[in-house]
Amino acid sequence: MGYRGGPGFVTSPNQLDVSNSNTPGVVDPTNPVVTQYYRSVAEVDAFRRLQITEGNAYSGNNGRAAIKAHSLYFMTGNDNNGGLSSSQLTATQVGTNLVDSTGAELLVPGQAPPVPPNINKIGDFEITQVIDPSTGKPYAKADKAGKDNNFRGLTIFHNTMYVTKGSGGNGINTVYQVGNPGVLPSGDTATLAKLPVTLLPGFPTTLASGVDSQGNPTPVAFPFGIWFANATTLYVCDEGDGKLVTPTVNGNVADAATLATAGVQKWTLSNGTWHMDYVLQSGLNIGVPYSIPNYPVALNPATDGCRNITGRVNHDGTVTIFAVTSTVSASGDQGADPNKLVRVTDSLRTTTLPVTTKDHDSLGHFITIRSAKSGEVLRGIAFAPSIFGDDDER
């Protein structure tokens, strides 16, 4: 996912506020950023050929992920700069357009940028679908329209689409299934809109606001990337809460909540319900500031958790997981600092946290593969296609 200038707006480096711009086909008159940029999908094949497909979803915010399957692009993201009231989002045409161009979306490669009402949103999630753990009844009041679908992570496994929500104060930060199991979303706009979006059983159901319907504080998760090792084992990146705790204590700036859940979580499925077994953190040095050559010392970042993830299952019963880290710093812009590409190996069948050492091949211990340089941020992580075959992949 990236940004391409609409008519009259240049696409070039160092353009400010591009991620907060409108899309050319969905313009919010309350958006203080008046530029217009498509949220586009760039596809590179094994021969390094580039194809870009423009989209009008995610106006005013970010397109976050795209994956290709069955010759279609499946996407996640968020829109709406927040200038429209709840009533305007549901009672005006521009509000309706915004609500219909967020969350999980479908885009046809090579097509002209779809415009309302033909922006293909896949399903719709509202917290009123979920049981409120504080009352035992469904949540009684819906959140701001469209904001429950502020999706981030994306994967496809066994022909089923899965997404995560892990930011914003609306909805539920958790893992979702989009559409029906074993059938990837397809069809026209009306058909896609009717597909279900449901929480995976066992994953968090508390509100992203951090307060339940009775006014009591509740824990909040921050899931991002997800990777299935098999049908009963799911690894989830949690990026941490994005808060810089100052002054530092013994050089560690992470709070207790981040230290409890940030990193790579291992979940296993048993009797139809997912259970979190443990969190892989060793070697990430969560909360410990590090320096980058030619980067301001005052902005030294610290790892806060992980964002995007992929992995492979090995012949010896282990899995190798690759992830990019999230950061916090005094810059005030979570995720904008130079971060890291890391690797960790885990035993697939164990449900207890491995005892780790600092050895290079120790189970459960993260190794840094590459550190971003000053002015650089690592984003998605995936295996690249190869024209040489498996034995010669790079």
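Residues numbered from 1 in each chain as written. Predicted model: local features only at pLDDT ≥ 70, side-chain atom pairs only at ≥ 80, totals over all residues. Heavy atoms only, no water.

S.K.: Provide a residue-level description of the packing of aromatic side chains, including the pertinent values.
M.R.: Counted under the stated rule, the structure contains nine aromatic pairs. On the basis of an interplanar angle of 65° and a centroid distance of 4.9 Å, the ring pair of Phe 125 and Tyr 176 is categorised as edge-to-face. On the criterion of sequence distance, the pair formed by Phe 125 in the loop between β7 (120-121) and β8 (131-132) and Tyr 176 in strand β12 (residues 175-178) is long-range, its members being 51 residues apart. The residues Phe 125 and Tyr 176 share a single accessibility class, namely buried. Aromatic pair Phe 157 and Phe 228: ring centres 4.7 Å apart, planes at 10°, arrangement stacked. Taken together, the positions of Phe 157 in strand β10 (residues 151-157) and Phe 228 in strand β14 (residues 223-230) put the pair 71 residues apart, joining distant regions of the chain. Taking the relative accessible area as the measure of exposure, Phe 157 reaches 17% and is therefore buried. A connected cluster of aromatic rings, assembled from ring pairs, spans Phe 157, Tyr 162, Phe 203, Phe 228, Trp 267 and Trp 274. Over the ring of Tyr 290 we find Lys 340, and its NZ or CZ is 4.1 Å from the ring centre. (Phe/Tyr/Trp six-rings, centres within 6.5 Å; stacked < 30°, edge-to-face > 60°. Helix = DSSP H or I, 4+ residues; strand = E, 2+ residues; numbered from the N terminus. Buried < 20%, exposed > 50% of the residue type's maximum accessible area, 1.4 Å probe, protein only. Lys NZ or Arg CZ within 6 Å of the ring centre and 35° of its normal.)

S.K.: For the layout of surface pockets, give the residues involved together with the corresponding values.
M.R.: A volume near 1,900 Å³ is recorded for the largest pocket. Residue lining of the largest pocket: 50 residues in total, with Arg 64, Ala 65, Asn 308, Arg 379 and Gly 380 positioned closest to the centre. At the level of secondary structure, the elements contributing two or more residues to the lining of the largest pocket comprise β1 (2-5), β2 (37-44), β4 (63-69), β10, β14 and β18 (302-313). Top contributing element to the lining of the largest pocket by residue count: β4, with six residues. For the lining of the largest pocket, the per-class residue count stands at 21 nonpolar, 19 polar and 10 charged. In this structure, the second largest pocket encloses a volume near 470 Å³. Taken together, 25 residues form the lining of the second largest pocket, with Pro 219, Val 220, Ala 221, Phe 222 and Thr 261 sitting closest to its centre. Of all elements in the fold, only β15 (233-238), α4 (256-261) and β16 (263-270) reach the threshold of two or more residues within the lining of the second largest pocket. Per-element accounting of the lining of the second largest pocket gives the leading share, four residues, to α4. (1 Å grid on protein atoms, 1.4 Å probe; cavity = no way out; pocket = protein on both sides within 12 Å on 5 of 7 lines; lining within 4 Å. Points joined across faces, edges and corners; volume = space filled by probe spheres on them. Nonpolar A, V, L, I, M, F, W, Y, C, P; charged D, E, K, R; others polar.)

S.K.: An account of the sheet that holds β2 is needed here, citing residue identities and associated values.
M.R.: Here three strands make up an open sheet; going across it, the order is β1-β2-β3 and the pairing antiparallel. Of all the strands in the sheet, the pair left with one neighbour each is β1 and β3 (50-53). Going from strand to strand, the sheet's axes swing by 45° on average, the running direction of each strand aside. For β1 and β2, the ladder comprises four bridges, and the chain directions are antiparallel. Within β2, the residue paired with Tyr 3 across the bridge is Arg 39. (Pairing = 2+ DSSP bridges. Axes fitted to C-alpha atoms, helices over the stretch in contact; angles between N-to-C directions.)

S.K.: Tell me about the sheet that holds β15, and please be specific about residues and values.
M.R.: Taking strand neighbours across the sheet as the criterion, the four strands line up as β14-β15-β16-β17 in an open arrangement whose pairing is antiparallel. The open sheet has two edge strands with one neighbour each: β14 and β17 (273-280). If you compare each strand with its neighbour and ignore which way they point, the axes differ by 25° on average. In this structure, β16 lies alongside β17, joined through seven bridges in antiparallel fashion. Its bridge partner lying in β17, Trp 267 is registered against Met 276.

S.K.: Account for unusual backbone geometry, naming residues and giving values.
M.R.: Note the cis peptide between Pro 116 and Pro 117, where omega equals 5°. Within the secondary structure, Pro 117 sits in the loop between β6 (103-107) and β7. A positive phi angle, close to 70°, is found at Tyr 58, a residue other than glycine. As for its position among the elements, Tyr 58 is in the loop between β3 and β4. You will see that Asn 285, though not glycine, has its phi angle at about 55°, which is positive. Along the chain, Asn 285 turns up in the loop between β17 and β18. With a relative accessible area of 47%, Asn 285 lands in the partly exposed category.

S.K.: Let's hear about a nonpolar patch on the surface: which residues, and what values?
M.R.: Among the surface-exposed residues, Val 44, Leu 50 and Ile 52 lie close enough to one another that they form a single nonpolar patch of about 270 Å² accessible area. Note on placement: Leu 50 falls in strand β3. (Patch = residues over 30% accessible without salt bridge, like charges linked within 9 Å, V, L, I, M, F, W, Y side chains within 5 Å. Areas by Shrake-Rupley, 256 points an atom, 1.4 Å probe, with all protein chains shown as cover. Salt bridge = Lys/Arg side-chain N within 4 Å of Asp/Glu carboxyl O.)

S.K.: Any details on the environment of Asp 148? Residues and values, ideally.
M.R.: Its place among the elements puts Asp 148 in the loop between β9 (137-138) and β10. Separated by 181 residues in the primary sequence, Asp 148 and Ser 329 have C-alpha atoms spaced 28 Å apart. Every residue in contact with Asp 148, bar those within four places of it in the chain, is listed here: Phe 125, Glu 126, Ile 127, Asp 143, Lys 165, Asn 170 and Gly 171. Side-chain polar atoms of Asp 148 contact the backbone nitrogen of Gly 171, separated by 3.2 Å. (Contact = heavy atoms within 4.5 Å. Polar contact = N/O pair within 3.5 Å; in protein donor to acceptor, adjacent residues only side chain to side chain.)

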